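Examining the three-dimensional arrangement
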Amino acid sequence: MPKIGYRSVALLVGAALISLTIVAFLMIRSAQHTHIETLTQTNIRLFSVKLESRMREQLMVANLFSDQLENTRMPLAERFKINVGAIFPLLPDLEAVNWVNTDGIVEVAYPATTANKILSQKLGQREDTLVALYQARTSREPRLSAPFQLAQGGIGFEGFVPVFQRGEISGFIQFVFRAGPLINSVIGPWQGQGFIVAVADGDGLVYGNLPLLSGAEHAGSSRVTVAGRIWDLAIAPTEATLKENLTLLDELVLAGGALMSLLASMLVVCSGRTQDAIRDSEERFSLAMQGASDGLYDRDLRTNEVYYSPQWFRMLGYEPDEFPHGMDTAEQLIHPDDWPKLVNEIDRLMKAGEPHFEHEMRMRHSDGSWRTILSRAFMVFKNGRATRLVGTNIDLTEDRVRERALKEATRTDHLTGLRNRRELRRDLTTIFYNLHKRDRLCVFHLDLDRFKAINDTDGHQVGDAALCEVARRLRALDTDFDIIARVGGDEFVLVRAGSDTDDEIRAIASKIMQRIADPFSAGGKQIRLGASVGVAFAQGGSGGDIRDTLENADIALIHAKDEGRGRCRFFTHAMRQEAVRRARMQHDITLGLQRNEFIAHFQPQVDMETGRIIGFEALARWDHPDRGILSAGEFISHINSSSLAIKLDRAILRQACRLLPMLAEAGRGDITVSVNISAEQLSEADIARKLGEIVRQAGADPARLHLEILETTLLEDASPVVIENIRELAARGFRIELDDFGTGHTAISSVLNFPISRIKIAGSLVAGVDQDTRRKSIIHSIVELGENLGVDVLAEGMETASEVAFLKSISCRVGQGFHLDRPLSVAELLERIKPAASPSRQSDLELSD
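Residues numbered from 1 in each chain as written. Predicted model: local features only at pLDDT ≥ 70, side-chain atom pairs only at ≥ 80, totals over all residues. Heavy atoms only, no water.

Now for the pairing of strand E9 (residues 220–226). Relative to strand E10 (residues 229–237), E9 runs antiparallel, the two sharing seven bridges. Bridged to Ser222 within E10 is Leu233. The turn joining E9 and E10, which pair antiparallel and follow one another in sequence, is formed by two residues; a positive phi near 50° is taken by Ala227. (Pairing = 2+ DSSP bridges. Helix = DSSP H or I, 4+ residues; strand = E, 2+ residues; numbered from the N terminus.)

Our focus in this paragraph is the sheet that holds strand E14 (residues 370–382). A sheet is described by the order of its strands in space; here five strands give the open sequence E12-E11-E15-E14-E13, paired in antiparallel fashion. Strand pairing shows two members of the sheet lacking a second neighbour, strand E12 (306–308) and strand E13 (356–364), which therefore form its edges. Averaged over all pairs of adjacent strands, the angle between their axes in this sheet comes to 20°, without regard to strand direction. Examined bridge by bridge, E14 and strand E15 (residues 385–395) share 10 bridges and lie antiparallel to one another. Looking across to E15, one finds that Met379 is bridged to Leu389. (Axes fitted to C-alpha atoms, helices over the stretch in contact; angles between N-to-C directions.)

The tally for this structure, following the rule as stated, stands at 13 aromatic pairs. Both rings, one in Phe537 and one in Phe570, keep their centres 5.6 Å apart while their planes meet at 65°; by these two values the pair is edge-to-face. Taken together, the positions of Phe537 in strand E21 (residues 530–539) and Phe570 in strand E22 (residues 568–570) put the pair 33 residues apart, joining distant regions of the chain. Judged by its relative accessible area of 26%, Phe537 is partly exposed. With a centroid separation of 4.9 Å and 25° between ring planes, the pair formed by Phe598 and Trp622 is classed as stacked. In this pair, Phe598 sits in strand E23 (residues 598–607) while Trp622 sits in strand E24 (residues 612–624), placing the two residues 24 residues apart along the sequence. (Phe/Tyr/Trp six-rings, centres within 6.5 Å; stacked < 30°, edge-to-face > 60°. Buried < 20%, exposed > 50% of the residue type's maximum accessible area, 1.4 Å probe, protein only.)

Attention shifts here to helix H16 (residues 460–476). For H16, built from 17 residues, the straight-helix expectation of 24 Å at 1.5 Å per residue is met to within 8% by its first-to-last C-alpha distance of 24 Å. Every buried residue belonging to H16 is among His460, Val462, Gly463, Ala466, Leu467, Glu469, Val470, Ala471, Arg473 and Leu474, and all of these are buried. (Expected span 1.5 Å × (residues − 1).)

Moving on, we get to the side chain of Glu737. Mapped onto the elements, Glu737 comes out in strand E28 (residues 735–741). A polar atom in the side chain of Glu737 sits 2.6 Å from the side chain of Arg758. (Polar contact = N/O pair within 3.5 Å; in protein donor to acceptor, adjacent residues only side chain to side chain.)

A few words now on the packing of H16 against helix H17 (residues 502–517). At a minimum axis distance of 10 Å, the contact between H16 and H17 shows a crossing angle of 140°. Taken together, H16 and H17 sit at an angle that is classed as oblique. Crossing geometry of H16 relative to H17 is assigned as right-handed. On the side of H16, the interface is formed by Val470, Arg472, Arg473 and Leu474, while H17 contributes Ile512, Arg515 and Ile516. (Parallel < 35°, antiparallel > 145°, perpendicular 65-115°, else oblique. Left-handed = near helix turned anticlockwise from the far one by under 90°. Contact = heavy atoms within 4.5 Å.)

Right, let's talk about unusual backbone geometry for a bit. The linkage connecting Tyr110 with the following residue, Pro111, adopts the cis geometry, with an omega of 0°. Inspection of the secondary structure puts Pro111 in the loop between strand E2 (106–110) and helix H3 (115–118). Residue Arg450 is not a glycine yet carries a positive backbone phi of 70°. Mapped onto the elements, Arg450 comes out in the loop between strand E16 (440–449) and helix H15 (451–458). Positioned with a positive phi, Asn596 is a non-glycine residue whose angle comes to about 60°.

So, about the sheet that holds E10. In sheet architecture, strand pairing relies on hydrogen bonds along the backbone and comes in two forms, parallel and antiparallel. If you walk across this open sheet you meet the four strands as E8-E7-E10-E9, and the pairing is antiparallel. The two strands at the open ends of the sheet, each matched to only one other strand, are strand E8 (204–207) and E9. Between one strand axis and the next, the sheet turns through 25° on average, direction left out of account. Bridge analysis of strand E7 (residues 195–201) against E10 gives six bridges, and the strand direction is antiparallel. Across the sheet, residue Val197 finds its bridge partner in E10, namely Ile235.

On to empty space enclosed by the protein. By the definition in use, this model includes two cavities of 30 Å³ or more. By volume, the largest cavity amounts to about 60 Å³. (1 Å grid on protein atoms, 1.4 Å probe; cavity = no way out; pocket = protein on both sides within 12 Å on 5 of 7 lines; lining within 4 Å. Points joined across faces, edges and corners; volume = space filled by probe spheres on them.)

Here the focus is the pairing of E2. Sheet topology places strand E1 (residues 94–100) next to E2; four bridges connect them, and they run antiparallel. Residue pairing in the sheet places Val97 in a bridge with Tyr110 of E2. Hairpin connection of E1 to E2: five residues between the antiparallel strands, including Gly104 at a positive phi of 80°.

Membership of the largest hydrophobic core comes to 71 residues, with the highest contact counts inside it found for Val673, Leu705, Ile779 and Leu807. In terms of residue count, helix H20 (residues 642–665) provides more of this core than any other element does, 10 residues in total. In this view, Val673 contacts Phe602, Phe616, Ala618, Ala656, Leu659, Leu660, Leu663, Arg704, Leu705 and His706; residues no more than four positions away in its chain are not counted. By size, the runner-up hydrophobic cluster in this structure holds 43 residues, among which are Phe65, Val108, Phe177 and Val186. (Core = buried A, V, L, I, M, F, W, Y, C linked by side-chain atoms within 4.5 Å.)

So this is what it looks like as structure tokens:
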């Protein structure tokens, strides 16, 4: 047997040492890379959950703002101006919040510094914006646009929150975000120093440089869905982080020790040094994590040994190492109800071979409270077996508290604290499906009488105080209700389940109305309100959709209000049939407006002394494709949508404006045209400018145009916006005419306080005046009032010769009515005002006495 020489032994020892050194080097380097990857994965998951949480909070505030607008009876643009100042500070990442109408026009911009840049801007320049608007309208949920370049510099994106009133889209809240500040606030200073972040929306860049980052060493990626958009996230460690975690110091120390030791001792030293190096690397990782607010843990799934970082303990209010590093500590601190769920989830992932772990649980703080902790980790597998679980605990307690507060705000009415419309439907559905078949659900839908006048006259603070008082009184009723909710500006719904008879329900409704009718003080004023109530039922065990019951109660309320104030009506199927007819008619009216089927006929206004036509009133007519020409009485009552009313008014106004130049060409430039202007139009922002533009485009003179305003508009709808618009219209040269004069209880004050050019005596007063002494006295007084104030007077609704004779006898010169002339088409009108063929004729129209 040959002997092995010293040199051979030395060579063998050297080779062994080199081999062991290389193995140790690779082990350490592998451990370092694993730590960097774990650190990256932890941070990408941390960034994802924080970004999702931040955007969820933003959308909750947006929905809260939307609920406030849905529940107002003020013009939405005006209510937006009032509320936006309180909402804006809740969203620190915003660049602007704007009110957008249904045509995609920005009507109100906030803050004021952005107003000049975007006010009246049409949001149709970018296809992504139009898509987001459409999606928000159809989904009835907030939707984001793709990122775009802000005019002020930087990347931004828009959020659109739809606002519906009575099921009809009324506009959008537009939130404009600056991406940079938002992402920076989510990243935080520590993450920003250690990692590079990028966010993209498809091909659009939100933040950073995603293509560059995606190919970086040790990069991690994730994806979040936010309000209909999918964002791709990427994170990669900075050069400084890589250098810190991939240092060669451990390898050099290891190699030097290997070369200076004997084989036997080297095996021990190498093994020990390898473990020490791994431990040192773990300590560096732990020290790095201490700078964050998250607690690191590292669990060996083979031995069940666990390492908890100092921050893991501090997050829960304990000193580092206050408890042993083991699973017993975790079991002791995790809520008893959550511990089995955690164990089962880890077991499931181990069996399924899934590397990513995420679990939310409660852990006991040193002060005894339970903290909401999100645990996110990466599971390491070797040879198909789970060997390690490395991750972080994130304290989400404050986030969850804030989310719960915002969720509560979205479930309740911000003013009264009652349930809102969304929560009403959810709870009502639960009650209905748990109702015993012998019982029934009773829904009371009530609307306050005289509230709008109080709100507009005494101010919104008094109106808000009145609503709070009503809510308090409803809560204090000695009748038990399962639900009390505020579902609109001054509308409330009360729900009661049981076996009450119809008579008992009527008694309850009467009690509600009586309680609300009791006077009270608000804002230093004595307030008197009333209520109208609609009642509908749903039988237990009957199935069906509870929304039908809510609609039925609303239909019954409409009938109660149509009959007068302080009424209660029970729903009947005949009411729904009528509602269906109305809905069908509204649909046909909408199509008719789109097809330009609504035309103006013009009823002459006559100087009753000379018989000469001095003006016309434009009256809406529907040139129906199947039924021919319909008068306003056959369709006007079916227009209960403000948008339809405004569109119809504008269509008639445009035709009236086009008529004025025709009259001038026919030699009758002295003739005026009267046009009705509704309260809905007068409530619009900037209405004077809009009407002025219509008149200008038609080449008409606003001084030849009378705008007829119902006296009730000045009494019941006279908000500050309405009053300002009336005065602005008069300043622009329009003549203001007070229609239906004499039917309101403050008619004289209306003439004194507004720029009225002419008053129009209501046809209901003129009818039968020749046989009614009291009406004669009232009309005579109105004519004298006009003479004394220098205001023209016109009497309408003249149907008989005796009525005409009486008005002429008290010096009311101008009249209108079928006895004088019927409404005329444009062609008939132009024919009527042609100069008389016979020089002996002295007027355009001979009157019969």
